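Residues per chain are reported as follows:
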2 protein chains.
Amino acid sequence: MSTQRAIGIGLLGLGVVGSGVAESLLSKPDALALRAGAPLALRRALVRDPKKARALTTRPFPLVTDPAQVLESPDVDIVVEVLGGEEPACGYIERALRAGKHVVTANKEVMAKHGPRLLALANEHNVQLRFEASVGGGIPVIGPLQRDLLGNDIVSIRAIINGTTNYILTEMAQKGMDFAVALGQAQQLGYAEPDPTNDVQGIDAAYKLAVLATLAFHTRVTASDVPHEGITRLRAKDFRYARELGYAIKLLAIATKEQGNLTVRVHPVLLPMETLLAKVDGAFNAIEIKGDLTGTVTFHGLGAGARPTASAILGDVVNIARAICGGEQKPMTASAADGPEEQGLRLRSMAELSTQFYLRLNVVDRPGVLALIATVLGEHGISIAAVVQKDADPAAGSAELVITTHPAQEARMQKALAVIGRSSVVREVNNLIRVEAV
Amino acid sequence: MSTQRAIGIGLLGLGVVGSGVAESLLSKPDALALRAGAPLALRRALVRDPKKARALTTRPFPLVTDPAQVLESPDVDIVVEVLGGEEPACGYIERALRAGKHVVTANKEVMAKHGPRLLALANEHNVQLRFEASVGGGIPVIGPLQRDLLGNDIVSIRAIINGTTNYILTEMAQKGMDFAVALGQAQQLGYAEPDPTNDVQGIDAAYKLAVLATLAFHTRVTASDVPHEGITRLRAKDFRYARELGYAIKLLAIATKEQGNLTVRVHPVLLPMETLLAKVDGAFNAIEIKGDLTGTVTFHGLGAGARPTASAILGDVVNIARAICGGEQKPMTASAADGPEEQGLRLRSMAELSTQFYLRLNVVDRPGVLALIATVLGEHGISIAAVVQKDADPAAGSAELVITTHPAQEARMQKALAVIGRSSVVREVNNLIRVEAV
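Residues numbered from 1 in each chain as written. Chains lettered and ligands numbered in written order. Predicted model: local features only at pLDDT ≥ 70, side-chain atom pairs only at ≥ 80, totals over all residues.

Participant: In this structure, what is going on with the overall build of chain A? I would like to understand it.
Facilitator: A tally of regular secondary structure across chain A gives 14 helices and 17 strands. The C-alpha radius of gyration of chain A comes to 24 Å, within 12% of the 22 Å expected for a compact globule of 438 residues. In terms of overall dimensions, chain A has a C-alpha envelope of 80 × 50 × 35 Å along the principal axes. For chain A, buried positions account for 53% of its 438 residues. Contacts in chain A between residues far apart in sequence, at least 24 positions, make up 75% of those at least 6 positions apart. (Helix = DSSP H or I, 4+ residues; strand = E, 2+ residues; numbered from the N terminus. Rg over C-alpha atoms; globule rule 2.2 N^0.38 Å. Buried ≥ 20, exposed ≤ 12 C-beta atoms within 10 Å, placed from the backbone. Contact = placed C-beta atoms within 7 Å.)

See the structure below:
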């Protein structure tokens, strides 16, 4: 501990997460000072409306409305951004870095869209930009990818990284609810936002996957590179049928590297019951990383909430403070992603994906229908693994077919589905869910 | 990348793990150079017998028998110690640190017995001592404790950190084997050493727990502080009875902090089936860390083997190399454990532990026996949760009693057991296993 001058912290935002960070900073100053090498002093917090009622009761620091008082003040060493959303957060982070401030952010959207550029900017200004809180809440996963697993060539990532959807899927699976009902309940309980689009459409998970894949594969994956499909089409019966086949249904964020090709995607999958990820229930997150050396390691914990997120942010803050106190000349760049790209990885489209499928169809209950569907699939090079007829409805003259396939190319399946969907004996293609092998 | 001079690596030991490290270093030099900021050059390996046949086929580096050629050679920047055992490993590490070399070690015994002293020595000589590989093989857990979780006050650690015993326990549970049979099989398959003492007596797990607890609680826990009990007394029927009661049996390393008291211990426990740790099977490891902010996070993966261990070692090597290339003036001390101790934690003895118990007794099959045992337990302040009579043997006139208790103090249970053991109606106290609550 070469110095005992306090390290100044400036907060951008004082919502749920910001209050959690402030509370934690204020509640154990001595322990944090010992670990950081100097006292951590919370200088001020930027808010839109200083008069708004807030959960934080003791608040021995001023609220300000002028961003410059956080971003460019000489007594601030580390700016903590917990505003969320792309702007003004991204602009503020840029300003802070240009002013020579270290930045800690929980912002997956900003990191997914602008991460490599911001990391380069941090590097240029000899400061750190840390973002452990942007993925997996209180689960350390950015740090392990940036440091501990650096000896590995990462082969794949499979992750449950959206707690809201995992909570909804768990309710659907355990209580036989349909999506709309489970969503309504999650909203009532505060587990889902009034506008749930970002969560249920897989957009939030896609942001986080972009952040993880960029680090893991030493390449640049941005938000728009990640095809994503949400959970809104899932019905209670899909969970029932999946269970009968030995599968759970989870919203997975998947990145796989194969022979110079990288595939990234977010969508619901059927996952064998016995896998660790299939057992991750409720609001928990889990990130499974496979490396050429380490094999498969899995990180499990709470992926959201004020305290878990504060854990990640404080970890970053303390580590930056240690570096400041240790007199680092040039901070270690946070990741190879802001240096030269290691690999000429090609980003593969979903159409090229090869996977097994689960297909649920509402069909006319008449002999020959299955033969017709099997023929169409066969013509597209897709072979059937199993077929079960479910829930015949004599009044409507319809039946439900559940089909699982052997691995087939996504593009072919989509073509086959278009043909099947146009057939007069098929009333509706209810669902197409990809199946993950063990 | 401020320099492109190669970073010199010297290996101490070229056994299974050492060969794994060498192979990994040699197999992807370009990727590692990019991540490290400079090429990593394996200068030489210290071995006892250079003529011994080795798995490593290509070996573009010399084997030496003089330790000084690794420990004190000017072309070595980082010494990697993979000899295992206390000596000569510990003495070599000291010499290397004194010679200004950074050290990466996989040695849990050395770190458990001498860690704080060696870390202080490293600090004094402005070099790093890293030991990610000493616990959990390829699972990042030292790094997360040293850095990512630093904002937390750690409340508890519960860990399956010995793959050999977890493999044996899994076989016993799934195939109804007794300990001796399962051990013999594990030895045949190479999962257990010819002399299995360190593993099956819980000594290896105790070393690892000492390392984890020292970091997590910012205090000094050495190997001799950790009471440990092995798995040799477990029988197939314990697993059967445990399952009937809803429990798995695992060898857990546990550290808990409560009101200024720290309890550390390694022993078999009954663990509710539905917990994540109960589902960790075979040679896998899992470390569950509970922090005041992050809640419970769990790290799961392969805890041993050449490649997972090489993953951890290379991670440490690459990070030291980055620090060298980044021109760090003074390396961040690896942990607060080598600075002042944060907390005046008192190490509590096993006797003070309060826990539930599972008790298996062989008793005379006669009315009144249970009443007698219940009376003795009651006199010692221990209340019974459930009793099941098992496997009466009319020929021998004996029966088996399985008793579970409500939480009770360990010291009282030990006293009660001594009384019970002396009773003429009790033929044998077969087993006493502690029960972990969810």
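Participant: I would appreciate a short explanation of the sheet that holds strand β1 (residues 7–12) of chain B in the present structure.
Facilitator: In any sheet, the strands associate via hydrogen bonds between backbone groups, in a parallel or an antiparallel arrangement. Residue and element names in this part refer to chain B. Ordered by their spatial adjacency, 6 strands build an open sheet running β3-β2-β1-β4-β5-β6, and the pairing between neighbours is parallel. Two strands in the sheet have a free side with no partner beyond their single neighbour: β3 (63–64) and β6 (129–130). Here β1 runs beside strand β4 (residues 78–81); their pairing, made up of 4 bridges, is parallel. Its bridge partner being in β4, Ile9 is matched across the sheet by Ile78. (Pairing = 2+ DSSP bridges.)

Participant: I keep staring at the interface of chain A and chain B and nothing clicks. Help me out?
Facilitator: How big an interface is tends to be expressed through the accessible area that disappears when the partners come together. With 50 residues of chain A at the contact, the number on the chain B side is 50 residues. With 10 residues, the top contributor of residues to the side of chain A that touches chain B is helix α12 (residues 306–325) of chain A. Grouping the constituent residues of the side of chain A that touches chain B by class yields 20 nonpolar, 18 polar and 12 charged. (Nonpolar A, V, L, I, M, F, W, Y, C, P; charged D, E, K, R; others polar.)

Participant: In this structure, what is going on with the relation of the copies chain A and chain B? I would like to understand it.
Facilitator: There are two copies of the chain, and a rotation about an axis plus a shift along that axis relates them. For these two chains of identical sequence, chain A goes onto chain B by a turn of 180° and a shift of 0.0 Å along the axis, with RMSD 0.0 Å. As the rotation angle and translation indicate, the two copies are arranged about a two-fold axis. When the interface residues of chain A are mapped onto chain B, 100% of them again fall at the interface, so both copies present the same face. (Least-squares fit on C-alpha atoms with pLDDT ≥ 70 in both.)

Participant: Help me understand the domain arrangement of chain A in this model?
Facilitator: Residues and elements named next belong to chain A. When cut into domains, chain A gives domain 1 (7–137 + 306–338), domain 2 (142–302) and domain 3 (351–435). Between domain 1 and domain 2, the C-alpha centre-to-centre distance is 27 Å. Listed by partner, the interface residues are 18 residues for domain 1 and 20 residues for domain 2. Here the side of domain 1 that touches domain 2 gets 7 residues from one element, more than from any other, and that element is helix α5 (residues 108–124). (Domains from an automatic or database assignment.)

Participant: What am I meant to see in the packing of helix α4 (residues 89–98) of chain A against α5 of chain A here?
Facilitator: Angle between the axes and distance between the axes are the two parameters that describe a pair of packed helices. Residues and elements named next belong to chain A. At a minimum axis separation of 11 Å, α4 and α5 run at an interaxial angle of 10°. Accordingly, the angle class assigned to the pair α4 and α5 is roughly parallel. Within the contact between the two elements, α4 uses Ala89, Cys90, Ile93, Glu94 and Leu97 and α5 uses Val110, His114, Leu118, Leu121 and Ala122. (Axes fitted to C-alpha atoms, helices over the stretch in contact; angles between N-to-C directions. Parallel < 35°, antiparallel > 145°, perpendicular 65-115°, else oblique.)

Participant: Please clarify how the environment of Arg412 of chain A should be interpreted in this entry.
Facilitator: Residues and elements named next belong to chain A. Along the chain, Arg412 turns up in helix α14 (residues 410–422). A residue is classified by how many C-beta atoms lie within 10 Å of it, and Arg412, with 16 of them, is partly exposed. As a C-alpha pair, Arg412 and Val21 span 391 residues in sequence and 49 Å in three-dimensional space. Those residues in contact with Arg412, other than ones at most four positions away along the chain, are His380, Gly381 and Ile382.

Participant: What am I meant to see in helix α14 (residues 410–422) of chain B here?
Facilitator: Residues and elements named next belong to chain B. Across its 13 residues, α14 extends 19 Å between first and last C-alpha, which sits within 8% of the 18 Å expected from 1.5 Å per residue. Residues Met413, Ala416, Leu417 and Ile420 constitute the buried set of α14. Projected down its long axis, α14 shows its buried positions confined to an angular sector of 105°, all on one face. The exposed set on the far side of α14, more than 90 degrees from its buried face, consists of Ala418 and Arg422. Buried-residue contacts for α14 involve β13 (354–364), α13 (369–379), β16 (408–409) and β17 (426–435). (Expected span 1.5 Å × (residues − 1). Arc of directions from axis to C-beta.)

Participant: Quick question: what am I supposed to make of the pairing of strand β1 (residues 7–12) of chain A here?
Facilitator: Residues and elements named next belong to chain A. Judged by how many residues are buried, β1 sits mostly within the fold: 6 of 6 residues are covered. What you see with β1 is no split at all: Ile7, Ile9 and Leu11 on one side and Gly8, Gly10 and Leu12 on the other are buried throughout. Bridge count for β1 against strand β2 (residues 40–46) is 6 bridges, and the pairing is parallel. What sits directly across from Ile7, in β2, is Leu40.

Participant: What should I look at first to understand the environment of Asp195 of chain A in this one?
Facilitator: Tracing the chain through its elements places Asp195 of chain A in the loop between α8 (179–188) and α9 (197–200). Residue Asp195 of chain A is classed as exposed on the basis of its C-beta count, with 9 C-beta atoms lying within 10 Å.

Participant: What is the right way to read the sheet that holds β1 of chain A from this model?
Facilitator: All names here are of chain A. With parallel pairing, 6 strands are arranged side by side in an open sheet as β3-β2-β1-β4-β5-β6. Two strands in the sheet have a free side with no partner beyond their single neighbour: β3 (63–64) and β6 (129–130). Relative to β6, strand β5 (residues 102–105) runs parallel, the two sharing 2 bridges. In the strand pairing of β6, Val103 is matched with Leu129. Sheet contacts for helix α1 (residues 16–27): β1, β2 and β4 (78–81); angle to β2, the most-contacted strand, approximately 155°.

Participant: Would you take a moment to explain the pairing of β4 of chain A for this structure?
Facilitator: Each regular strand shows side chains that alternate between the opposite faces of the sheet. Residues and elements named next belong to chain A. On β4, burial covers both faces: Ile78 and Val80 on one face and Val79 and Glu81 on the other are all buried. Of the pairings in the sheet, the one linking β4 to β5 comprises 4 bridges and is parallel in character. Within β5, the position partnered with Glu81 by the bridge is Thr105. Running through α4, the crossover from β4 to the neighbouring parallel element β5 is right-handed. (Right-handed = clockwise from strand over helix to strand, strands pointing away.)

Participant: Where do I start with the confidence of the model for chain A in this structure?
Facilitator: Note that predicted coordinates carrying low pLDDT should not be read in detail. All names here are of chain A. Summary statistics for chain A give a mean pLDDT of 92 and a share of 95% for residues scoring 70 or more. Residue range residues 334–339 is modelled with pLDDT below 50. Its contacts to residues more than four positions away, or to other chains, number 24 contacts. Listed scores for the predicted complex are pTM 0.94 and ipTM 0.93. (pLDDT = per-residue confidence, 0-100.)

Participant: Even after reading the chapter, I still don't get α4 of chain A, so can you show me in this structure?
Facilitator: Along an α-helix, residues three or four positions apart point the same way, because every turn accommodates 3.6 residues. Residues and elements named next belong to chain A. For α4, the set of buried residues is Ala89, Cys90, Tyr92, Ile93, Ala96 and Leu97. Projection of α4 onto a plane perpendicular to its axis shows the buried side chains occupying an angular sector of 160°, all on one side. Buried-residue contacts for α4 involve β1, α3 (68–71), β4, β5, α5 and β6.

Participant: What's the story with the packing of helix α5 (residues 108–124) of chain B against helix α10 (residues 203–216) of chain B in this structure? I'm lost.
Facilitator: All names here are of chain B. Contact geometry for α5 and α10: axes closest at 8 Å, N-to-C directions at 40°. Classified by the interaxial angle, the pair formed by α5 and α10 is oblique. Here α5 and α10 pass one another in a crossing that is left-handed. Contacts between α5 and α10 involve Lys108, Glu109, Met111, Ala112, Gly115 and Pro116 on the former and, on the latter, Asp204, Tyr207, Lys208, Ala210, Val211 and Thr214. In the contact of α5 with α10, the residues fall into 6 nonpolar, 2 polar and 4 charged. (Left-handed = near helix turned anticlockwise from the far one by under 90°.)

Participant: Help me understand the environment of Gly84 of chain A, please; the structure alone is not making it clear to me.
Facilitator: All names here are of chain A. Structurally, the position occupied by Gly84 is in the loop between β4 and α4. For Gly84, a count of 17 C-beta atoms within 10 Å puts it in the partly exposed group. Sequence separation between Gly84 and Ser73 is 11 residues; the distance between their C-alpha atoms is 22 Å. For Gly84, the residues in contact, after removing those within four places along its chain, are Ala89 and Asn107.

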